[in-house]
Protein chains: 2
Amino acid sequence: MRVYLAGPDVFLPDPHARAASLKAICARHGMEGVSPLDAPDGVPEAWRALPLARFIALCNEAHIRACDALIANLTPFRGPSADVGTVFEVGFMRALGRPVLGWSNVAADFFSRTRTVAGAHAVGEEWRDDAGMLLESFGMTDNLMIDGAILASGGTIEIADVPPAERWTDLTAFERCVAALRRG
Amino acid sequence: MRVYLAGPDVFLPDPHARAASLKAICARHGMEGVSPLDAPDGVPEAWRALPLARFIALCNEAHIRACDALIANLTPFRGPSADVGTVFEVGFMRALGRPVLGWSNVAADFFSRTRTVAGAHAVGEEWRDDAGMLLESFGMTDNLMIDGAILASGGTIEIADVPPAERWTDLTAFERCVAALRRG
């Protein structure tokens, strides 16, 4: 089984080492991890004329289409939610109807995290931010589209309560996803 | 043409009035706007046993599948990027191969916005945040997966430079998307 490894891990100081670590865990469980950093097969010649950012986007889409499942690093990234590039890819794979799994190294739920950063306040039974916009308070890991899609796809969300200093190194929750995917 | 109206607009103080405004603009251009707040047709009975958040997620997915195009409000939401629920839906529609368009009421590009909030600093020719993670600096509206997908789908990204007080009311850029979609 080929598994696309979605996450802001590509922004880490040594993204190739990180990809190798993720792939090694997949291999231990009999799976092939596919990183956004991998060169895709059969790139159409026309893509090479595109600006680099658009070329990368098309290569990542092609990688996802060529995989059987997706595991997303949903650890909050520069705000209360997961990295948006990762979330895009979760939505993309969900539309293809294949299993999507997620993991996060932050245990606080989405509502708790949003309440901290958005200057939120209670209005009756609801919570709103300074712009008057509603906070989701469903006890989910992130926005309901993300949790909803993963669960509907048959996937799981694995959470580890990791100290901030190890948030981008600890792979315990990731490995739990790989094991869950292997069990099917 | 049926157009799904993705955005954090559902979190506004009066989301039904907002949906009506968006739909009125679609109607003026001969299109049918479909809001996440609309009741979907033919909901499977099994969905009604799910928790509300998961029910909403499945209804929104069904709405997107039943639409011909998607217009996303990418105005930054509680951080440097667009709302993750919206971005999930952009990825979902992109995988279906139909046109995706985006609009934003913030003119500063993604790099400028990220540089402001992430405690970023230059390291040689790159920019990194306090966790050592790379900032994208491609001059795009948001993460490259979002811009890349919209442009590859044949869509456009319409930007308006709107003062903060009108950021969640001004629909000029939205109407430019609708007009662009009508022109094809």
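Calculation rules
Residues numbered from 1 in each chain as written. Chains lettered and ligands numbered in written order. Predicted model: local features only at pLDDT ≥ 70, side-chain atom pairs only at ≥ 80, totals over all residues. Heavy atoms only, no water. Salt bridge = Lys/Arg side-chain N within 4 Å of Asp/Glu carboxyl O. Buried < 20%, exposed > 50% of the residue type's maximum accessible area, 1.4 Å probe, protein only. Helix = DSSP H or I, 4+ residues; strand = E, 2+ residues; numbered from the N terminus. Contact = heavy atoms within 4.5 Å. Buried area = accessible area lost by both parts, 1.4 Å probe. Polar contact = N/O pair within 3.5 Å; in protein donor to acceptor, adjacent residues only side chain to side chain. Nonpolar A, V, L, I, M, F, W, Y, C, P; charged D, E, K, R; others polar. Phe/Tyr/Trp six-rings, centres within 6.5 Å; stacked < 30°, edge-to-face > 60°. Lys NZ or Arg CZ within 6 Å of the ring centre and 35° of its normal.

Participant: Before we go on, may I ask you to explain the pattern of salt bridges in this structure?
Facilitator: It is possible for side chains bearing opposite charge to pair when their charged atoms get close. Under the criterion given, the structure shown has 18 salt bridges over all chains. For the salt bridge of Asp9(A) with Arg18(A), the shortest nitrogen-to-oxygen distance reads 2.6 Å. Across this residue pair, the class does not change: Asp9(A) and Arg18(A) are buried. Taking the shortest distance from any N to any O, the salt bridge between Glu32(B) and Arg2(B) comes out at 3.2 Å. A residue pair is termed long-range when its members are at least 10 positions apart, and Glu32(B) in strand E2 (residues 32–34) and Arg2(B) in strand E1 (residues 2–6) qualify at 30 residues.

Participant: Explain the interface of chain A and chain B to me, please; I cannot follow it from the model alone.
Facilitator: Often, the extent of an interface is quoted as the loss of accessible area upon association of its parts. The interface is formed by 52 residues belonging to chain A together with 52 residues belonging to chain B. Between chain A and chain B lies a buried interface of about 4200 Å² when both sides are counted; carbon and sulfur atoms form 71% of it. In terms of surface lost to chain B, no three residues of chain A exceed Arg78(A), Met133(A) and Met145(A), which account for 19% of the buried area on that side. Where chain A meets chain B, there are four salt bridges. Salt-bridge contacts for Asp129(A) lead to Arg78(B); the nearest nitrogen and oxygen are separated by 3.0 Å. Where chain A meets chain B, there are 14 residue pairs in polar contact (both at pLDDT 80 or more). Among the secondary structure elements, those contributing two or more residues to the side of chain A that touches chain B are helix H2 (52–65), helix H3 (84–96) and helix H5 (144–152) of chain A. Examining the composition of the side of chain A that touches chain B, we find that 11 residues originate from one element, H3(A), more than from any other. When grouped by side-chain class, the residues that make up the side of chain A that touches chain B number 33 nonpolar, eight polar and 11 charged.

Participant: Please explain the packing of aromatic side chains as it appears in this structure.
Facilitator: Throughout the structure, instances matching the rule amount to 10 aromatic pairs over all chains. Ring centres of Phe111(B) and Trp127(B) lie 5.6 Å apart, and the angle between their planes is 80°; on these two criteria the pair is classed as edge-to-face. Placement of Phe111(B) in helix H4 (residues 110–117) and of Trp127(B) in strand E6 (residues 126–128) is noted, with a sequence separation of 16 residues between them. Taken together, the aromatic side chains of Phe11(A), Phe77(A) and Trp168(A) make up a single cluster linked through ring pairs. Lying across the ring of Trp127(A), Arg115(A) places its NZ or CZ 5.3 Å from the centre.

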